[in-house]
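Per-entry structural report
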Amino acid sequence: MKTLLRWFALAVAGAATVLVLVAIIGPRIELGNMRPRIEAIGGQALGRSTQLQGPLAVKLSLPPVFEAAQVRLGNPTNWSSPDFVRIEKITATIGLVPLLRGRIVIDEVNARGVGVYLEAAADGRNNWTFPAGATKTGEGGGWKLAAINHVSVSDLVVQFKDHPRQTAAELVVEKLTAQLPADNPSRINMVGTAQGFPFSIDAATASLNTWLTSDEPVPVDVAVALNDNRLKLDGSV
């Protein structure tokens, strides 16, 4: 998750300069010419292929809105799925004034049609461990990811294949919301079904700044309700 957050900071930073410069030009700017650069930033940060196959644009409003569709984050080779994550559509509302100060404040992120494909191999490998090398400070090109005030994800499906045990599981998340402030505790809530059984998760964890900068395990407190059962977990990741 730390690596994904850092990559997200780099990807948004790739479009941040454009947002500042074109905010007074027109209602919508297509950013197709920036596609190779953003894909390269993602690929370099993660060590995996990153593809923006759909429209890529900025809707010029106050604040401006960054839009992307058909986003794909690839798996390493020799996994059953070519993709680790697929996103049908994602929008990010970005605070304009903080950009002028070199800070990326994401007021709101909305994503729908998200697929996450997890696998564990018989030799102990898994596809959710990313190579080291991402920027640890959440910075890219002079921009610093400062906060993600609100995240909303709908139609999220997480599939897990455990090859050693020859089992599979599916988590269908109807709605996920999160708040990731700079210095205050973060919160994540979701509801959906796990293997057909209704569930809900309420999680509290460290601030976004801690996730982006800490090399130590980050504390996470989770309350899970599955069917009529309740479970509380305290740990770190």
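Now for a look at the structure at hand.

Quick look at the overall build of the protein chain
For the protein chain, the helix and strand inventory stands at four helices and 13 strands. Put simply, the protein chain has 237 residues, and 46% of those count as buried. Within the protein chain, counting contacts between residues at least 6 apart in sequence, those at least 24 apart form 55% of the total. Roughly 12100 Å² of accessible area belongs to the protein chain as shown, and the carbon and sulfur atoms make up 56% of that amount.

Observations concerning the pattern of salt bridges
Summed over all chains, the structure comprises six salt bridges. With a shortest N-O distance of 3.5 Å, glutamate 67 and lysine 59 are connected by a salt bridge. Looking at lysine 59, the relative accessible area reads 40%, which means it is partly exposed. Residue aspartate 162 is joined to arginine 165 by a salt bridge in which the shortest nitrogen-to-oxygen separation is 2.9 Å. Residue classification places arginine 165 among the exposed residues on the basis of a relative accessible area of 63%. Where salt bridges share partners, they join Arg72, Asp83 and Arg86 into one cluster.

Quick notes on the nonpolar core
Counting residues in hydrophobic clusters, the biggest one holds 50 residues, and the most contacted among them are Phe66, Ile106, Val114, Ile148, Leu156 and Leu176. Other than its neighbours up to four places away in sequence, leucine 176 contacts Val151, Ser152, Val153, Leu156, Ile188, Asn189 and Met190.

Description of the packing of aromatic side chains
Each aromatic ring pair is characterised by the separation of its centres together with the angle its planes make. The final tally for this structure, using the stated rule, is one aromatic pair. Against the face of phenylalanine 84 rests arginine 48, its NZ or CZ located 5.2 Å from the ring centre.

Description of the pairing of strand E13 (residues 229-236)
With zero of its eight residues buried, E13 lies for the most part at the surface. Summarising the sheet, strand E12 (residues 219-226) and E13 pair through eight bridges and their orientation is antiparallel. In the strand pairing of E13, alanine 223 is matched with lysine 232. Between the antiparallel neighbours E12 and E13 lie two residues, among them asparagine 227 with a positive phi of about 60°.

Here we look at unusual backbone geometry
Non-glycine residue glutamine 70 carries a positive phi angle of around 55°. Among the secondary structure elements, glutamine 70 is positioned in strand E4 (residues 65-74). A relative accessible area of 39% means that glutamine 70 is categorised as partly exposed. Despite not being glycine, asparagine 78 shows a phi value in the positive range, around 70°. Positionally, asparagine 78 belongs in the loop between E4 and strand E5 (83-94).

Rules used throughout
Numbers given for residues are sequential positions, taken from 1 along each chain in its written order. Local features in a predicted model are, by the rule used here, given only for residues with pLDDT of at least 70; side-chain atom pairs are given and counted only at 80 or more, and totals for whole chains, interfaces and linings are based on all residues. No hydrogens and no water enter the side-chain calculation; it runs on all heavy atoms of the structure. Under the scheme used here, helices are H or I runs from DSSP no shorter than 4 residues and strands are E runs no shorter than 2 residues, and both carry numbers assigned from the N terminus. Burial classes follow relative accessibility: with a 1.4 Å probe on protein chains only, a residue under 20% of its type's maximum area counts as buried, one over 50% as exposed, and anything between as partly exposed. The contact criterion used throughout is that any non-hydrogen atoms of two residues lie within 4.5 Å. Under the convention used here, a 1.4 Å probe and the Shrake-Rupley method define accessible areas, while residue burial counts only the protein chains that appear. Any Lys or Arg side-chain nitrogen found within 4 Å of a carboxyl oxygen on Asp or Glu counts as a salt bridge. The criterion is simple. A nonpolar core is a set of buried Ala, Val, Leu, Ile, Met, Phe, Trp, Tyr and Cys residues joined through side-chain atoms within 4.5 Å. Pairing of aromatic side chains requires ring centres within 6.5 Å, counting the rings of Phe and Tyr and the six-membered ring of Trp. Pairs whose planes differ by under 30 degrees are stacked, by over 60 edge-to-face, and all others tilted. We call a charge positioned over a ring when the NZ of a Lys or the CZ of an Arg lies within 6 Å of the ring centre and within 35 degrees of the ring normal. Strand pairing is defined by DSSP finding a minimum of two bridges between the two strands.

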